[in-house]
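If you want the building blocks of each chain, they are given just below.
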Amino acid sequence: SSQYASSRSDASTVNVTKRTANMQLFTEKYNVIGGTNVTFTAIVLDEYTLLNDGIVIFKINGQTIKDNNGKNIQAKVANGKASIKYTFAYGISAKNTTITAVYSNSIYERAETNISVYINKSRPIINITPIITTTNKTRITANIVEFNGQPIKFTTQVAIKINRQTFAKVNAVNGIIDVTINTKFKSGTYVL
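Caption draft 1: Representation of unusual backbone geometry in the model. Phi is positive for Glu-47, close to 55 degrees, though the residue is something other than glycine. With respect to the helices and strands, Glu-47 occurs in the loop between β3 (37-46) and β4 (49-50). Of note in this structure, Arg-164 is not a glycine but carries a positive phi near 70 degrees. Along the chain, Arg-164 turns up in the loop between β13 (155-162) and β14 (165-173). We classify Arg-164 as exposed; its relative accessible area is 80%.

Pasting the structure below:
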């Protein structure tokens, strides 16, 4: 000021706390089986205002969803939304599954919300062709596939029954059944 000598205050500390964001999480399917594609969408707000900054990561039963290279998938928040598409693995166990969305932004406290998705048992199909045999030992080969034709992964136990009587219990590895059983039967037609 032209009328006053210059003056300067001492430094003062201003404590700026992080803001609080609110979240909601949605998916279009809450009951799925292995191989189902879903979209998880998080809505992020500051009171009633949709946010346009920050990222959301999604977790399944506490494990962060990663890409094929093992990196965390991060969805950017735009117009209050962050979404990812996810495919549940074939052969996943039937159980209640917790999906978690976690919001991160340098000016907001960490925000988190959950939903539940139920994994139903898959309905596998066994593909086998009719067998004609004239010997006492017969090789049985078949495939176990998911509803979309993909082989069932992992090792599963299969009972081989003829006319409802169990003749063998074998392991099918990655959807392939391959077993030889005794077939000392009278001539005729039997249900395998």
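Caption draft 2: Broad picture of a nonpolar patch on the surface. A surface patch of nonpolar side chains, about 330 Å² in accessible area, is lined by Ile-126, Ile-128, Ile-131 and Leu-192. As for its position among the elements, Ile-128 is in the loop between β11 (125-127) and β12 (137-145).

Caption draft 3: Layout of the environment of Thr-156. The topology assignment puts Thr-156 in strand β13. Ignoring sequence-local partners within four residues, the contact set of Thr-156 consists of Ile-144, Val-170, Asn-171 and Ala-172.

Caption draft 4: A look at the pairing of strand β15 (residues 176-182). Burial along β15 is one-sided: Ile-177, Val-179 and Ile-181 are buried, while Ile-176, Asp-178, Thr-180 and Asn-182, pointing the other way, are not. Of the pairings in the sheet, the one linking β12 to β15 comprises 7 bridges and is antiparallel in character. Bridging across to β15, Asn-143 finds its partner in Ile-176.

Caption draft 5: Broad picture of the pairing of β12. With 3 bridges connecting them, β11 and β12 associate as antiparallel partners. Residue pairing for β12: Ile-126 is matched across the bridge by Ile-144.

Caption draft 6: Structural context of the nonpolar core. With 26 residues, the main nonpolar core has Phe-40, Val-56, Phe-58, Phe-88 and Tyr-103 as its most contacted residues. For this core, the secondary structure elements donating two or more residues are β1 (22-27), β3, β5 (55-60), β8 (81-87), β9 (95-105) and β10 (108-119). If one sorts the elements of this core by residue count, β10 sits on top with 5 residues. Excluding its chain neighbours within four sequence positions, the residues that come into contact with Val-56 are Met-23, Ala-42, Val-44, Ile-73, Gln-74, Ala-75, Val-77, Ala-82, Ala-101, Val-102 and Tyr-103.

Caption draft 7: Local environment of the packing of aromatic side chains. Counted according to the given criterion, the structure contains 7 aromatic pairs. Between Tyr-86 and Phe-88, the aromatic rings sit 5.1 Å apart at their centres with planes inclined by 90 degrees, giving edge-to-face as the arrangement. The buried category is assigned to Phe-88, whose relative accessible area is 1%. Here the aromatic rings of Tyr-103 and Tyr-108 are separated by 6.1 Å at their centres, their planes lie at 65 degrees, and the arrangement is edge-to-face. Residue classification places Tyr-103 among the buried positions, given a relative accessible area of 0%. The structure contains a cluster of three or more aromatic residues connected by ring pairs, namely Phe-40, Phe-58, Tyr-86 and Phe-88.

Caption draft 8: Examining the pattern of salt bridges more closely. For the coordinates displayed, the defined rule picks out 3 salt bridges. The salt bridge involving Arg-19 is made with Asp-46; its shortest N-O contact spans 2.6 Å. Placement of Arg-19 in the segment before β1 and of Asp-46 in strand β3 is noted, with a sequence separation of 27 residues between them. By relative accessible area, Asp-46 is classed as buried at 9%. The partner of Arg-110 in a salt bridge is Glu-112, with the nearest N and O atoms 2.6 Å apart. Note on Glu-112: relative accessible area 43%, which makes it partly exposed.

Rules and cut-offs
Residues numbered from 1 in each chain as written. Predicted model: local features only at pLDDT ≥ 70, side-chain atom pairs only at ≥ 80, totals over all residues. Heavy atoms only, no water. Helix = DSSP H or I, 4+ residues; strand = E, 2+ residues; numbered from the N terminus. Buried < 20%, exposed > 50% of the residue type's maximum accessible area, 1.4 Å probe, protein only. Patch = residues over 30% accessible without salt bridge, like charges linked within 9 Å, V, L, I, M, F, W, Y side chains within 5 Å. Areas by Shrake-Rupley, 256 points an atom, 1.4 Å probe, with all protein chains shown as cover. Salt bridge = Lys/Arg side-chain N within 4 Å of Asp/Glu carboxyl O. Contact = heavy atoms within 4.5 Å. Pairing = 2+ DSSP bridges. Core = buried A, V, L, I, M, F, W, Y, C linked by side-chain atoms within 4.5 Å. Phe/Tyr/Trp six-rings, centres within 6.5 Å; stacked < 30°, edge-to-face > 60°.

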